[in-house]
Amino acid sequence: MQEMKYTEEIFKKYGRIYDEGKVIFREGEPGNEMFIIIEGKVKITKNAGNLEKTLMILGNGDFFGEMALVDDKPRSASAIALTTCKLIALDKNTFKSVILNNPSFAYKVILKMSERLREADKQIEELLKYDKRTRIIKSIAEAFEQKEYSKLSDLVKDVSDLVGVSESEVLSVIRELVNSSVIGLKAGKITINKEELKRIYKFLSFSKPHYEAD
Ligand code: CMP
């Protein structure tokens, strides 16, 4: 309760509301604020050639936009509100003073940055180890672990963003999975043989990687 009141007071001073789909900032822009998510979901994306790769989806209690404040460089990625978002925006001086005066906040920032670096290292490892087709199949399996898809277009979009490949590349792998009856497809609606997909996923996770240039 005490904490809630505290949050409400802070929100009055530093709060912002972003509607669903709004760009909070774009990669390459100068950055003067970092954000803490009070409520909602934010997608962090990076341009890779003509594709947009989702780096991470952040939720309640997460923060973003701290890097440009720490190293005075342009935004390393874009931030987009996936739902209506209630955020706290801290300018550089406030951020610095909170870090210097609140060791538990500073520690949380270090912890999160180290988690993100670990996740980025994992993604680099995947990129080095697996060929494109394997990454797409793994990502389809992972996407189905996280949510039930019924519309083909939603699955194609999410997997293409997550893997950083075009939608037509994802579609051609889905066609293969349809031909081998792992995925059923009727009028744009998907059904999935979860057991079979899990089996393939397990096989790909432990199989010897193809060290093949994409
Ligand atoms: P900044 O560079 O200011 O703006 C983009 C923000 O996205 C960045 O700060 C981080 O907060 C966040 N960000 C950058 N790279 C990643 C990543 N790999 N995973 C999660 N968040 C990231």
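Provided above is the structure to which this section pertains.
Residues numbered from 1 in each chain as written. Predicted model: local features only at pLDDT ≥ 70, side-chain atom pairs only at ≥ 80, totals over all residues. Heavy atoms only, no water.

Re the layout of surface pockets
Turning to step 1, where the next piece is worked out: Put simply, the largest pocket is a space of about 1,000 Å³.
Turning to step 2, where the next piece is worked out: As for the largest pocket, its lining consists of 28 residues, of which Thr54, Ser139, Glu142, Gln146 and Leu162 are closest to the centre.
Turning to step 3, where the next piece is worked out: Going through the elements one at a time, β5 (51-58), α4 (103-129), α5 (132-146) and α6 (152-163) are the ones with two or more residues in the lining of the largest pocket.
Turning to step 4, where the next piece is worked out: Per-element tally for the lining of the largest pocket: the top contributor is α4, with seven residues. (1 Å grid on protein atoms, 1.4 Å probe; cavity = no way out; pocket = protein on both sides within 12 Å on 5 of 7 lines; lining within 4 Å. Points joined across faces, edges and corners; volume = space filled by probe spheres on them. Helix = DSSP H or I, 4+ residues; strand = E, 2+ residues; numbered from the N terminus.)

Focus on the sheet that holds strand β4 (residues 42-48)
Turning to step 1, where the next piece is worked out: The strand order across the open sheet built from four strands is β2-β7-β4-β5, with neighbouring strands paired in antiparallel fashion. At either end of the open sheet lies a strand with only one pairing partner, and these are β2 (23-25) and β5. Strand-to-strand twist in this sheet, taken as the mean axis angle between neighbours without regard to direction, amounts to 35°. (Pairing = 2+ DSSP bridges. Axes fitted to C-alpha atoms, helices over the stretch in contact; angles between N-to-C directions.)

Notes on the nonpolar core
Turning to step 1, where the next piece is worked out: Of all hydrophobic cores here, the largest spans 22 residues; its most connected members are Ile136, Ile140, Leu155, Val159 and Ile174.
Turning to step 2, where the next piece is worked out: Considering every element that reaches this core, the biggest residue donor is α5, with six residues.
Turning to step 3, where the next piece is worked out: With sequence-adjacent residues up to four places away left out, isoleucine 140 is seen in contact with Leu155, Val159, Ile174, Leu177, Ile183 and Leu197. (Core = buried A, V, L, I, M, F, W, Y, C linked by side-chain atoms within 4.5 Å. Buried < 20%, exposed > 50% of the residue type's maximum accessible area, 1.4 Å probe, protein only. Contact = heavy atoms within 4.5 Å.)

Here's the deal with unusual backbone geometry
Turning to step 1, where the next piece is worked out: One non-glycine residue, aspartate 72, lies in positive phi territory at about 60°.
Turning to step 2, where the next piece is worked out: Tracing the backbone shows aspartate 72 in the loop between α2 (66-71) and β7 (78-81).
Turning to step 3, where the next piece is worked out: Of note in this structure, serine 181 is not a glycine but carries a positive phi near 65°.
Turning to step 4, where the next piece is worked out: Relative to the helices and strands, serine 181 resides in the loop between α7 (167-179) and β9 (183-186).

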